[in-house]
Amino acid sequence: MIQAEMEDEEKTRTRCRLLDLPWEDVLVVHILSCLPVRQLLSLQRVSKKFRTLIHLYFAKCRSFDPVQLSIPKEAFSVMLKDNTVLQKLSLQSCSHWLTDDELLPVLSQNQRLVSVDMTDCVRLTRRSLVALSLTRCLHLQHLTLSQCSFVDGLSLRSLADYCGALRSVDLTGCCQLKDDAICYLAKKCAKLTFLSLAVNENITDESVEEVAKNCRSLEHLDLNCCLRVRNQSIRTLGEYCPKLQSLKVKHCHQVTESSLEPLRKRNVRIDVQPPLERVLLSHIMRYTPFVNLQV
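Presented here is an overview of the structure given in this document.

Criteria and cut-off values
Residues numbered from 1 in each chain as written. Predicted model: local features only at pLDDT ≥ 70, side-chain atom pairs only at ≥ 80, totals over all residues. Heavy atoms only, no water. Salt bridge = Lys/Arg side-chain N within 4 Å of Asp/Glu carboxyl O. Helix = DSSP H or I, 4+ residues; strand = E, 2+ residues; numbered from the N terminus. Buried < 20%, exposed > 50% of the residue type's maximum accessible area, 1.4 Å probe, protein only. Core = buried A, V, L, I, M, F, W, Y, C linked by side-chain atoms within 4.5 Å. Contact = heavy atoms within 4.5 Å. 1 Å grid on protein atoms, 1.4 Å probe; cavity = no way out; pocket = protein on both sides within 12 Å on 5 of 7 lines; lining within 4 Å. Points joined across faces, edges and corners; volume = space filled by probe spheres on them. Polar contact = N/O pair within 3.5 Å; in protein donor to acceptor, adjacent residues only side chain to side chain. Axes fitted to C-alpha atoms, helices over the stretch in contact; angles between N-to-C directions. Parallel < 35°, antiparallel > 145°, perpendicular 65-115°, else oblique. Left-handed = near helix turned anticlockwise from the far one by under 90°. Phe/Tyr/Trp six-rings, centres within 6.5 Å; stacked < 30°, edge-to-face > 60°. Nonpolar A, V, L, I, M, F, W, Y, C, P; charged D, E, K, R; others polar. Pairing = 2+ DSSP bridges.

1. Digging into the pattern of salt bridges
Consideration 1: The full count for this structure, using the stated rule, is eight salt bridges.
Consideration 2: Arg230 is paired through a salt bridge with Asp205; the nearest N and O atoms lie 3.1 Å apart. On the criterion of sequence distance, the pair formed by Arg230 in the loop between strand E7 (220–222) and helix H11 (231–240) and Asp205 in helix H10 (residues 205–214) is long-range, its members being 25 residues apart.
Consideration 3: According to the relative accessible area criterion, Arg230 is partly exposed, its value standing at 45%.
Consideration 4: The buried category is assigned to Asp205, whose relative accessible area is 7%.

As structure tokens, then:
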């Protein structure tokens, strides 16, 4: 009996519980980082120690990207209030309620951001974008502002002034923007490899030509529904952007095959099909050497 009790006591002493592991070096880095946000939020309700652990994790995490999870306003503020090391910030799951009041504190204390996604955050104002630029995020490379109607020329200029390292900018549906703002962005952020100006009737050849002449490393350009873009700027794009890989010009009714054909010959992916007669002619020419005509 005494021997059995001693063995049980020894097992109790040697049993390793989850919270006995090093928090920052093991739990935060190797375990909690593998769990989805939903489980982390549930885990913090287990006990006070787990709540402290989860708060530590959110303070140390470098990526906030809760995929397919609606984050309540209160949870967002608690999760990120102590974080100063964020590198990736995706706000799509908060878009239906997020305002400047919740976002500004997060931006002001995170200067290491590399990627920010504000898609559909319609309740934000230019204050958030100006705050992002004034935070001096010198490492910011990827910025998605798709369907953000609050983006105007002033806020985009401020961003271009302080975030010259940008590589990817999505301005789809930012209908307040005009040529002057896009030209300014192109001059200040010459390292762009991806740019979307889609669904903006204000964009003309002036913007496209300025982007082409300044952003020589451009690989992907989206001009869908830019109704005022014409062939001349597409030719300029082909001349100045040798690394171009894809071009979207669907619903650009003034862009014709005469400007697109040279890009197709360079194997640039274009989202509109060539005219049917050109396709038929290419097939005929392919088999011409094998045709033996006898009279």
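2. Considerations on the nonpolar core
Consideration 1: Counting 83 residues, the largest nonpolar core has Met118, Leu132, Leu171 and Leu223 as its most contacted members.
Consideration 2: If one sorts the elements of this core by residue count, helix H4 (residues 48–60) sits on top with six residues.
Consideration 3: Contacts of Leu223, omitting those with residues within four sequence positions, involve Leu197, Ala198, Val208, Val229, Ile234, Leu247, Lys248, Val249 and Cys252.

3. Quick look at empty space enclosed by the protein
Consideration 1: In this structure the tally under the stated criterion is one cavity of 30 Å³ or more.
Consideration 2: One number sums up the size of the largest cavity: a volume of about 50 Å³.
Consideration 3: Looking at the largest cavity, the residues that line it are His55, Phe58, Ala59, Val78, Met79, Lys81 and Asp82.
Consideration 4: Elements with a contribution of two residues or more to the lining of the largest cavity: H4 and helix H5 (73–80).

4. With respect to the environment of Asp222
Consideration 1: Tracing the chain through its elements places Asp222 in strand E7.
Consideration 2: Assessed through its relative accessible area of 13%, Asp222 is described here as buried.
Consideration 3: With sequence-adjacent residues up to four places away left out, Asp222 is seen in contact with Leu195, Ser196, Leu197, Ala198 and Lys248.
Consideration 4: Here Asn224 takes part through its backbone nitrogen, which lies 3.0 Å from a polar atom of the side chain of Asp222.

5. With respect to the packing of helix H7 (residues 126–134) against helix H8 (residues 153–162)
Consideration 1: Across the interface, H7 lies against H8 with an axial gap of 8 Å and an inter-helix angle of 10°. One element, H7, and the other, H8, form an angle in the roughly parallel class. Considering how the two elements wind past one another, H7 and H8 form a crossing that is left-handed. Residues Arg126, Leu129, Val130, Leu132, Ser133 and Leu134 of H7 form the contact with H8, whose participating residues are Leu154, Ser155, Leu156, Ser158, Leu159 and Tyr162.

6. Looking at the packing of aromatic side chains
Consideration 1: As enumerated under the stated definition, the model contains three aromatic pairs in all.
Consideration 2: With a centroid separation of 5.7 Å and an interplanar angle of 75°, the aromatic rings of Phe76 and Trp97 are classed as edge-to-face. With a gap of 21 residues between them, Phe76 in helix H5 and Trp97 in the loop between strand E2 (88–90) and helix H6 (100–108) connect regions that are remote in the sequence. No difference in accessibility class separates Phe76 from Trp97, as the two residues are buried.

7. Observations concerning the packing of helix H9 (residues 179–188) against H10
Consideration 1: Axis separation between H9 and H10 bottoms out at 9 Å; the angle between their running directions is 5°. Considered as vectors, H9 and H10 are oriented roughly parallel to each other. Counted together, Asp179, Ile182, Cys183, Ala186 and Lys187 of H9 and Glu206, Ser207, Glu210, Val211 and Asn214 of H10 form the full contact between these two elements.
Consideration 2: Its residues assigned to classes, the contact of H9 with H10 comprises four nonpolar, two polar and four charged.

8. Focus on the sheet that holds E2
Consideration 1: Spatial ordering of the open sheet is given by E1-E2-E3-E4-E5-E6-E7-E8-E9, a layout of nine strands whose pairing is parallel. Across the chains shown, the open sheet's two edge strands, defined by having one partner strand only, are strand E1 (63–64) and strand E9 (269–270).
Consideration 2: Of the strand pairs in this sheet, E7 and strand E8 (residues 246–248) are connected by three bridges, and their pairing is parallel. Bridging across to E8, Asp222 finds its partner in Lys248.

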